[in-house]
Amino acid sequence: MQPPAKSSSFHYGWVVVLVAFAALLVSAGIRSMPSILIVPFETEFGWERSGISGVISVGIFLYGLVGPFSAALLAKFGIRRVMVFALIVLAASMSLTPLMTQLWQYELLWGVVSGLATGMMANVLGVTVASRWFVKRRGLVVGILTASAATGQLLFLPLLAQLTVHQGWRYAMYTAVGVILALLVIVALFMRNHPYDVGAAPYGADEVAEPEPFRGSIFLTPLLTLRDAVKNKTFWLLAGTFFFCGFSTNGLIGTHLIAACGDHGIEEVTAAGLLAFMGVFDLVGTTLSGWFTDRFDSRKLLFWYYGLRGLSLIFLPFALDATPAMLVVFSVFYGLDWIATVPPTVRLAAQEFGKERAGMVFGWVVVAHQVGASAAAYGAGLVRQFTGTYSTTFVTAGFICLIAALMALRIAKQASALRAQA
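Model, not experiment: these values are computed from the prediction.

Draft legend 1. Spotlight on the overall build of the protein chain. For the protein chain, the helix and strand inventory stands at 17 helices and zero strands. The C-alpha radius of gyration of the protein chain comes to 21 Å, within 12% of the 22 Å expected for a compact globule of 422 residues. Referenced to the eigenvectors of the C-alpha coordinate spread, the extents of the protein chain come out at roughly 65 × 50 × 40 Å. In the protein chain, which comprises 422 residues, the share counted as buried stands at 56%. In the protein chain, the share of contacts with a sequence separation of at least 24, taken over all contacts with a separation of at least 6, comes to 87%. For the protein chain, the computed accessible surface area is about 17,200 Å², with 67% contributed by carbon and sulfur atoms. Separation between the mean location of the 27 positive side-chain charges and that of the 20 negative ones in the protein chain comes to 10 Å.

Draft legend 2. Quick peek at the confidence of the model for the protein chain. Per-residue pLDDT for the protein chain averages 83, and the proportion of residues at 70 or more is 94%. Per-element mean pLDDT across the protein chain ranges from 76 in helix 17 (residues 391-421) up to 92 in helix 4 (residues 79-96). Low pLDDT, under 50, characterises residues 1-5; the predicted model gives this stretch 12 contacts beyond four residues in sequence or across chains.

Draft legend 3. Summary view of empty space enclosed by the protein. On inspection of all chains with the given rule, the structure shows two cavities of 30 Å³ or more. Here the second largest cavity is characterised by a volume of approximately 40 Å³. Lining the second largest cavity we find Leu24, Asn123, Gly126, Val127, Val142, Leu145, Thr146 and Val342. Its residues assigned to classes, the lining of the second largest cavity shows five nonpolar, three polar and no charged.

Draft legend 4. Up close: the nonpolar core. In terms of nonpolar packing, the biggest core is built from 128 residues, with Ile30, Phe41, Met94, Tyr106, Trp110, Val129 and Ile253 touching the most fellow members. With 12 residues, the single largest contributor to this core is helix 16 (residues 355-387).

Draft legend 5. Focus on the side chain of histidine 369. Topologically, histidine 369 is positioned in helix 16. There is a polar contact of 2.6 Å between the side chain of histidine 369 and the side chain of glutamine 370. Residues in contact with histidine 369, not counting those within four places in the same chain, are Phe242, Phe243, Cys245, Gly246, Phe247, Thr249 and Asn250.

Draft legend 6. Local environment of helix 15 (residues 342-353). Its 12 residues give helix 15 an end-to-end C-alpha distance of 16 Å, which sits within 8% of 16 Å, the value for a rise of 1.5 Å per residue. Note on helix 15: the residue one or two positions beyond its end, glycine 354, has a positive phi of about 90°.

Draft legend 7. The arrangement of the environment of alanine 340 in detail. Summarising the element assignment, alanine 340 is placed in the loop between helix 14 (324-336) and helix 15. A relative accessible area of 0% means that alanine 340 is categorised as buried. A C-alpha to C-alpha distance of 7.1 Å links alanine 340 and tyrosine 305, two positions 35 residues apart in sequence.

Draft legend 8. Spotlight on the pattern of salt bridges. Under the defined criterion, the tally for this structure stands at five salt bridges. Taking the shortest distance from any N to any O, the salt bridge between aspartate 294 and arginine 347 comes out at 3.8 Å. Here the residue aspartate 294 occupies a position in the loop between helix 12 (268-293) and helix 13 (298-321), and arginine 347 occupies one in helix 15, the gap between them amounting to 53 residues. Exposure remark for aspartate 294: the relative accessible area of 29% places this residue in the partly exposed category.

Draft legend 9. Broad picture of the packing of helix 12 against helix 15. Where helix 12 meets helix 15, the axes come as close as 8 Å, and the angle between the chain directions of the two elements is 35°. Judged by residue contacts, Thr286, Ser289, Gly290 and Thr293 of helix 12 engage Pro343, Pro344 and Arg347 from helix 15.

Each value, and the rule that gives it
Residues numbered from 1 in each chain as written. Predicted model: local features only at pLDDT ≥ 70, side-chain atom pairs only at ≥ 80, totals over all residues. Heavy atoms only, no water. Helix = DSSP H or I, 4+ residues; strand = E, 2+ residues; numbered from the N terminus. Rg over C-alpha atoms; globule rule 2.2 N^0.38 Å. Buried < 20%, exposed > 50% of the residue type's maximum accessible area, 1.4 Å probe, protein only. Contact = heavy atoms within 4.5 Å. Areas by Shrake-Rupley, 256 points an atom, 1.4 Å probe, with all protein chains shown as cover. Lys, Arg positive; Asp, Glu negative; His and termini not counted. Charge placed at Lys NZ, Arg CZ, Asp CG, Glu CD. pLDDT = per-residue confidence, 0-100. 1 Å grid on protein atoms, 1.4 Å probe; cavity = no way out; pocket = protein on both sides within 12 Å on 5 of 7 lines; lining within 4 Å. Points joined across faces, edges and corners; volume = space filled by probe spheres on them. Nonpolar A, V, L, I, M, F, W, Y, C, P; charged D, E, K, R; others polar. Core = buried A, V, L, I, M, F, W, Y, C linked by side-chain atoms within 4.5 Å. Polar contact = N/O pair within 3.5 Å; in protein donor to acceptor, adjacent residues only side chain to side chain. Expected span 1.5 Å × (residues − 1). Salt bridge = Lys/Arg side-chain N within 4 Å of Asp/Glu carboxyl O. Axes fitted to C-alpha atoms, helices over the stretch in contact; angles between N-to-C directions.

Pasting the structure below:
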């Protein structure tokens, strides 16, 4: 019989959530930096926008691809070790970036190294923390940790944009390195791998249980999980909607909105402020989405999230040509569900594939998300280079989101049929 959990009014799981929130916040802030570097790199190095966008595209793709394998690494080596390793690699990559002179160096440092390092501290980390440390309030925790990406933009983008404009992009880069090193100390001191490490049960449970050791190959196990998942239609619907999610968020708006604002005479710092403003509302929207996910049908939530996002993107070209107030309206409505899709998608993955496999399955769903984001990051830059405008891409992304909303309803019909058969 397992020993009872220690009696305490405070659960250490909330400390773990706070540390993970800080790590995800910094990781998201770092990943958003290339959006403010497009114009400075064009000016200083003479690189074409399609080439710079290609580097961002590779980084976004690898950021997602590492997710399933990150889930295996977290299971085998523990949350703290993986986070410390990722932060050291990320700090090294960013420290070398100011020394680069060629596009291939930017590709290596940001497309490859930074993409892999930040990918280890992405949504899969949040799902792992929520699954290990919480039985109750799991949806809320996923929402809070997902919202950290919005908060990262909120805190970092305006500051880094100001530093880039007034001090130069190298100064902004070294400032970010200092933040990473401070976070490294916090993670090393306070992060724990499992409730068992502090003699506690998961939040909402009564018994202390020793974690099951990871069995299998770090590289083979995620691939075997994918092999089983692709046989399930729900996986394809989740991956498909998340592909469209990535196309319409960090790949398009996160990468190109600042540059698009520049095309309409809006200064870089002001445009970064718009993204930060979106971050405020996404922090609220994604946290609420986690709360809703604990209480309502996740498939219907996804329908509304994708539908409203699609309408806001169709509206964006008109907002850019209109008054600043219209851009604020766009920022509010788009920001509210920037990544609000994550908590219900995580819940659907857990319901369909089980808690133990949810992290890896969701990791592969995130790969689809990043493939979509990668396509948008490169494609939008290419379209802009040849047409001189982003409007076509924005409207296309809007209609794609409306398709994703209908696919979300299809997930509901699929699940109902499976339950009926059971």
